[in-house]
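For reference, the chains in residue letters:
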Amino acid sequence: KVRFGGNDTIIEAMISAETESVELTPQVDVMKPGNVGAVERWLVEVEEAMMDTLRLETKKSNAAYATTDRVKWCCEWPGQVVLCTDCIYFTSEMTDALKSNSLATYEKKLFKQLEDIVILVRGEMTKLNRVTVGAMVTIDVHARDEVTQLVKDKVNSPDDF
């Protein structure tokens, strides 16, 4: 879904099935020259604005992840952005751990991250944050399990594959 603003000619936000609203950057004017009566044209603009917005939000989330407590961070960003940034950081940190032969240390970090998230989940959360964190936990548990298996298999380098 989308949300129209003002006089119902500017598309201001996209709204997920879970009712999460993300403000579009840029907004789309369905009445600007070239768009009047050309639904197929402004719908393409909406699609582009959605992708541009998610790209921008993900970039900002990636920067915030590095400087914000993870438990706080995961409740401050749109769900799709949280999952994307979570996967980006896992991939980066996993690569670093393999290259530096510190997989066992990284495994401990993953266990600690999950413990911290469990404390968050046991507390009060909005329904939307609970959905996002639930999806993130699923990804994080799988990642942790894979790292645990690599530690058991004594994988020490990216060249061990």
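Residues numbered from 1 in each chain as written. Predicted model: local features only at pLDDT ≥ 70, side-chain atom pairs only at ≥ 80, totals over all residues. Heavy atoms only, no water.

## Structural notes on the overall build of the protein chain
Helix and strand content of the protein chain: 5 helices and 3 strands. Listing each helix as α and each strand as β along the protein chain from the N terminus yields β-β-β-α-α-α-α-α. What you see for the protein chain is a C-alpha radius of gyration of 20 Å, clearly larger than the 15 Å of a compact globule of 161 residues, by over 25%. When burial is assessed residue by residue, the protein chain has 37% of its 161 residues classed as buried. Long-range contacts, defined as pairs at least 24 residues apart, comprise 48% of the intrachain contacts of the protein chain with a sequence gap of at least 6. Of the roughly 9,700 Å² of accessible surface on the protein chain, a fraction of 57% belongs to carbon and sulfur atoms. (Helix = DSSP H or I, 4+ residues; strand = E, 2+ residues; numbered from the N terminus. Rg over C-alpha atoms; globule rule 2.2 N^0.38 Å. Buried < 20%, exposed > 50% of the residue type's maximum accessible area, 1.4 Å probe, protein only. Contact = heavy atoms within 4.5 Å. Areas by Shrake-Rupley, 256 points an atom, 1.4 Å probe, with all protein chains shown as cover.)

## Describing the packing of aromatic side chains
Overall, the coordinates contain 3 aromatic pairs when judged by the stated rule. A ring pair is formed by Tyr65 and Trp73, whose centres lie 4.8 Å apart and whose planes are at 85°; its orientation type is edge-to-face. Accessibility expressed as a relative area gives 10% for Tyr65, which makes it buried. For Trp73, a relative accessible area of 0% gives the class buried. Taken together, the ring pairs connect Tyr65, Trp73 and Tyr89 into an aromatic cluster. (Phe/Tyr/Trp six-rings, centres within 6.5 Å; stacked < 30°, edge-to-face > 60°.)

## Looking at the side chain of Thr132
Inspection of the secondary structure puts Thr132 in helix H5 (residues 127-152). A residue is classified by how much of its surface remains accessible, and Thr132, at 7% relative accessible area, is buried. With residues near it in sequence (within four places) discarded, Thr132 still touches Cys74, Gly79, Val82 and Leu83.

## Quick look at the state of the cysteines
The full count for this structure, using the stated rule, is 0 disulfides. Just so you know, Cys75 is unpaired, no disulfide at all, and the nearest cysteine sulfur is the one on Cys74, 4.0 Å from it. Assessed through its relative accessible area of 25%, Cys75 is described here as partly exposed. (Disulfide = S-S within 2.5 Å.)

## Examining the packing of helix H4 (residues 103-122) against H5
Where H4 contacts H5, the axes come no closer than 10 Å and their chain directions differ by 155°. Put simply, H4 runs roughly antiparallel to H5. Pair H4 / H5 crosses with left-handed handedness. Residue-level inspection shows Leu103, Ala104, Tyr106, Glu107, Leu110, Phe111, Leu114, Ile117, Leu120 and Val121 of H4 in contact with H5, the latter providing Arg130, Val133, Met136, Val137, Asp140, Val141, Ala143, Arg144, Val147, Thr148, Leu150 and Val151. Grouping the amino acids of the contact of H4 with H5 by side-chain chemistry returns 17 nonpolar, 1 polar and 4 charged. (Axes fitted to C-alpha atoms, helices over the stretch in contact; angles between N-to-C directions. Parallel < 35°, antiparallel > 145°, perpendicular 65-115°, else oblique. Left-handed = near helix turned anticlockwise from the far one by under 90°. Nonpolar A, V, L, I, M, F, W, Y, C, P; charged D, E, K, R; others polar.)

## Details of the nonpolar core
Counting residues in hydrophobic clusters, the biggest one holds 23 residues, and the most contacted among them are Ile11, Trp73, Cys74, Ile117 and Leu120. Where this core is concerned, the elements lending two or more residues are strand E2 (10-15), strand E3 (21-29), helix H1 (39-67), helix H2 (70-73), helix H3 (79-99), H4 and H5. Once residues within four sequence positions are removed from consideration, Trp73 is found in contact with Ser61, Ala64, Tyr65, Thr68, Val82, Thr85, Asp86 and Met136. Counting 9 residues, the second largest nonpolar core, distinct from the first, contains Ala97, Leu98, Tyr106 and Leu110. (Core = buried A, V, L, I, M, F, W, Y, C linked by side-chain atoms within 4.5 Å.)

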